[in-house]
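Report on the structure
What follows is each chain in one-letter form.
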Amino acid sequence: MPGSWEGQYIRLELIRVNNLPLPSRRIHTGFYVSINVDSRCWRSPVRVVSSYKSDVLGDIVILSLHEVSELLVEIRVSYEFGRMLGNREVVAKFETSWDKLLDRRDEPFDISFPPHCGDHSSLTLKADILHPCDNQYSTLLDSIVECEIAQDTDTGHEQFATYVISKTVYHLNNAVQYFQLVLDSLLDPAAALTNFAWARLKGYIPNDLQDIISFTSLFCQVLALHLQGYPDHPLSIHHFLIALICKLLPLCPEGTYLRSIAAGVCSVDYVIRACNNLPIDTSDEGIHLRRIVLEICPLGNDHRPKALGNLAQALGSRFEQCGSIDDLDECIQRRREAVSLCCEGHSERHTYLNNLALSLTSRFDYQGNSRDLNEAISLHEETLRLRPVGHEYRDFSLDNLGIALCTRVIQRDDVNDIIRAISLQREALTLRPPGNPYRGYTLNNLAGVLATRYNKSDTSEDLNEAIDLYRDSLQLQQYGHSNRPTALRNLSLVLCSRFTQTQKHEDIEEAIRLCQESFASLPQLRPDRYHSYSTLRAAYMSRYEIQHHPTDLSLAVENFRLASRHPTHGFPSRIIEAYKWTVAGEQHGHGSTLEAYSTFFELLDAHLATRSSTLSRREAAAAFHYARSLPVDAASCAIRSDNLRHAVELVEQGRGQQWSLASRLRTPLEDLESTNPNIAHKFSELSRRLADAQVEYRRIMTQWEAAVAEIHNLRGFSRYLLPPSYEDLQAAARHGPVIILIASKYSCSALIVPTSGEPHHVSLPSITLTDLNILKDRFARAIRLASRMDPAKSRTDLIVLLRIVWDQIILPIVNVLENVLKLKRRSRIWLCPTAAFTSIPLHAAHPFQTKADGSGKEPCLEDLYICSYTPTLSALIRSRQMMKQRVPPSFVAIGQGQPGAGKGKALLAVDSELEFVRKLVPATANGTTISGDAATRWGALEALQLSTWVHLACHGKQDPAQPYNSHFVMRDQPLTLLDIMDRDIPYAEFAFLSACHTAVGDKETPDEVIHLAAGLQFSGFKSVIGTLWEVDDAVAKHVVKAFYENLFSNLQDGGIMDCTKAAWALNRATHAVKTKVPLEQRMVFIHIGV
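From a predicted model like this one, the values you see are computed outputs, not experimental measurements. (Residues numbered from 1 in each chain as written. Predicted model: local features only at pLDDT ≥ 70, side-chain atom pairs only at ≥ 80, totals over all residues. Heavy atoms only, no water.)

1. Topic: the overall build of the protein chain
Helices and strands together make up the secondary structure of the protein chain, namely 42 helices and 23 strands. Burial status across the protein chain gives 55% buried among its 1090 residues. When the accessible surface of the protein chain is totalled, it reaches about 46,900 Å², and 51% of it is carbon and sulfur. (Helix = DSSP H or I, 4+ residues; strand = E, 2+ residues; numbered from the N terminus. Buried < 20%, exposed > 50% of the residue type's maximum accessible area, 1.4 Å probe, protein only. Areas by Shrake-Rupley, 256 points an atom, 1.4 Å probe, with all protein chains shown as cover.)

Here you go:
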């Protein structure tokens, strides 16, 4: 051992066990890892063995680097169902030294165990050195002392394992003898009796009635001990029941009582009755027991609905405790099946309908999908019909339907829903007179509906009645009542409302006290704790807005933070809380506002990641329509705080999240493969599976996230796939500055990201967000007017608008580019517009005036620089990274001028356009043309997949309501944006979209830049020409011809097809056709990408 390590400490992080060997073909109950050093040992907690190839550990051991340099690592598996009496069976053993561990310190590595019964297992760990000052954290080691009971138990298991493999009765008899010795020496027999019974079961004498009755009696004793409250895993009870019913009872003679238990469905009855007597257990073992019981009840079994219901109840309870959406999803799935098995007329159908509705409401609260709420209301309606007047559970249905309708009122403000909800709750209250154990719940729910109507109509009578009802409810839900925290919060909220109305100090003081009390009975990870944080925040904000004490604002912000970051509550509510935090922070100028914006983006990103499809992600994002402006508002806030780097990071983090989520699964892996090819392969495979996943999406997502966490532990990959830093984003400006245009209600400005150094802020004081919205509407009208004008006439309206864009937006930016950055003329620049800026043709900005000295016209933006656009900085970086993967060029021209009835007018110039494009493409590109009947959806998709260069001439349709349905019109079916996004085309380089509306974004999520050109860029095309509005194919063909002439002008001299020249070629083309093509048809084309 090196002398420099003497007296120091080693920190071992046990990460996971891989391919845990499970010999003996016996039912295992758990395993642990032990580390033995100099006759002392450390043991990990006992864990249930996973059904997967990898079992996560997460243990940390800190040991002294003393003179003994060797250590022994063992993995032991247990087969005992009760209290552990032995040391368990060693299934993997590895001896090593400190030196070998510390040679690979600071990063995870695997140690492989010698093969055991043909299994090759390993342990992933991480080793590091700690300084002597950290010795207070040293792990205490236990002395290795073998007691007689442990020795006899282990010997019994060893003999039993030998028998299982060899079938030698001698070893079985030895196992029984050793277990009998342990049983005779214990006052508490349950654990020993279990081992003894299992060994006896293996050795019963067939057809020997006395032997059968003897060990059947033994198992009954074991079962009785467990069912009478003996502390044990529910899994063991299952095994006893299965052994008793499936193996023992059927062996008893005909006509005996024991045989009658096993006959027909009675055995299943016996199992279900025994399990139903157990309390609902939300542990892994308890839920496993419910799954086993379900297996005993196959399709057609009368008990299957009840078994489904019990499993669903256990899963739902675990969701309430831990907040895992997977549990709730499975709970709903199981309850759907139970409902399907109880047809009309089934006596328990109303119960299963009600439970399914409640689970759907819980998922709505967690995820915010209105379909879940609407389905829950329909199910509650059906349940109520099955519970007419006089039914014993009618009051529950009235209550539940009233709550669901009230929830929908908050979503869509339907006055009929609120009136009916109040009526239902009042009827429920009459069915729960004083003394009814559920009266408190109905008082609470009626008060909630009245409070909701007050918030909508501001009727003080509703508010006062709600307060009285909440007080009555609280009186019935004393300390220890499960619903008391909810009652406390609800009363607190309405007292806050009355304080805001009347400013009575005692109301707000009581509201704060009540809310603080609600925390008392809520564990830290309880999902409901979120509501207490949120309610307390509302109370402090109410008092601050009236009394203006800074302390109240600070307390409110702290509860904003706690509520939005509460880990087990659903994302939608936490996202809303974070949004409210940004609003309050901006309104009151609090220093936490930037943190609030970051929290919002992180939560929204995590929420969208739970959706398995592109459409569902957009739907989830659009649900927060009120927060559309947050990316630019966040950037504006950072600019006002003089934190320009953070402004760039925030606007990038908030924009294009749907693209970012999808592109994570297509991240280039070259650097990772060169560092750790095994992890790179695992990550690549999980990304592929995740992209295709439907049913198992969340489970694969969990594995994918674990793989990303593993990558983060590698040196140089700590920020892999995390929101990029400014240093990361500056790579977008490697070949020219990127100008981000911020359109916020707080300020309009530009951020210039230079090739190196700090970002530059350009204030645009002459224009506001309102001005921009007016300007984009004026552009839309001017474009429509110009399309109907004679091509030779002057476009006066457009000229006026482009002059405004130049004077108020572009000129201040050009001044910084020329005078501060000293950018040479004809250099490349990239425009990255946000919000309202995305609808304005910034590249066409023009002063339209003569120079002061009369020497000529003032240059426009495209005279000064070669302009391109990029949806986000990350999109541009990703396209550049993929430029490493180049193959010999192949060119396809796809045209559809006769789309068919109802799909748009005929495009008469398409065929001639394809012909001159074909002639201009160099022979080395293996050019092909697809048109007419061959230009179908699948034909176009196949061509996109196989070609590196593509020209598309057809109708393009932007769908503003559902942008993923935006499409190119083909002969048979439309080629949609979703079709394109589903294709990963890593070797694609360039696409020219000579079609209408191919670079127009999404009205619902304008900062998502969801359009056809962006979709092609996402799929792999590094350089794309798109259009902002309708193209006149008769005149636009002049732009197309001039573009390709310029792009391929140097190929006769031995040059190569270079997609990075596309922006320059488009710039030259629009200048070349000024006399042939009207202004709006020159402006329509823009370049996106490298």
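2. What about the environment of Phe 848?
With respect to the element layout, Phe 848 can be found in the loop between strand S13 (828–833) and helix H34 (861–864). Taking the relative accessible area as the measure of exposure, Phe 848 reaches 27% and is therefore partly exposed. Spatially, the C-alpha atoms of Phe 848 and Arg 803 are 6.6 Å apart, while their sequence positions differ by 45 residues. Phe 848 has contacts with Ile 799, Leu 802 and Arg 803, leaving out every residue within four places of it along the chain. (Contact = heavy atoms within 4.5 Å.)

3. Notes on the packing of helix H15 (residues 415–430) against helix H16 (residues 439–457)
Where H15 meets H16, the closest approach of the two axes is 9 Å, and the angle between their N-to-C directions is 160°. Relative to H16, the element H15 lies roughly antiparallel. Regarding H15 and H16, the two cross each other, and that crossing is left-handed. In contact with Ile 418, Ala 421, Ile 422, Gln 425, Arg 426, Ala 428 and Leu 429 of H15, H16 contributes Arg 439, Thr 442, Leu 443, Asn 445, Leu 446, Val 449, Leu 450, Thr 452 and Arg 453. (Axes fitted to C-alpha atoms, helices over the stretch in contact; angles between N-to-C directions. Parallel < 35°, antiparallel > 145°, perpendicular 65-115°, else oblique. Left-handed = near helix turned anticlockwise from the far one by under 90°.)

4. A look at the packing of aromatic side chains
If you walk through the whole model with that rule in mind, you get 15 aromatic pairs. Pairing Phe 396 with Tyr 438 gives two aromatic rings, centres 4.8 Å apart and planes at 70°, and the pair type is edge-to-face. Taken together, the residues Phe 396 in helix H14 (residues 394–412) and Tyr 438 in the loop between H15 and H16 connect sequence positions 42 residues apart. You can call Phe 396 partly exposed: its relative accessible area is 25%. (Phe/Tyr/Trp six-rings, centres within 6.5 Å; stacked < 30°, edge-to-face > 60°.)

5. As for the sheet that holds strand S19 (residues 967–968)
The strand order S18-S19-S20 describes an open sheet built from three strands, whose pairing is antiparallel. Both edges of this open sheet fall to strand S18 (956–957) and strand S20 (975–976), since each of them pairs with a single strand only. By the bridge criterion, two bridges tie S19 to S20 in an arrangement that is antiparallel. The residue of S20 that forms the bridge with His 967 is Thr 976. (Pairing = 2+ DSSP bridges.)

6. Section: a positive patch on the surface
Judged by side-chain charge, Arg 778, Arg 781, Arg 784 and Arg 788 come together as a positively charged surface patch. With respect to the helices and strands, Arg 788 occurs in the loop between helix H32 (769–787) and helix H33 (796–819). Accessibility expressed as a relative area gives 65% for Arg 788, which makes it exposed. (Patch = residues over 30% accessible without salt bridge, like charges linked within 9 Å, V, L, I, M, F, W, Y side chains within 5 Å. Salt bridge = Lys/Arg side-chain N within 4 Å of Asp/Glu carboxyl O. Lys, Arg positive; Asp, Glu negative; His and termini not counted. Charge placed at Lys NZ, Arg CZ, Asp CG, Glu CD.)

7. Let's talk about the nonpolar core
Ranked by size, the top nonpolar core spans 152 residues in total, and within it Ile 809, Ile 810, Leu 842, Ile 894, Phe 1043 and Tyr 1044 carry the most contacts. For this core, the element with the highest residue contribution is H33, accounting for eleven residues. Dropping the residues within four chain positions of it, Ile 894 is found in contact with Leu 914, Ile 930, Ala 935, Ala 940, Ala 943, Val 950, His 951, Leu 952, Ala 953 and Met 970. (Core = buried A, V, L, I, M, F, W, Y, C linked by side-chain atoms within 4.5 Å.)

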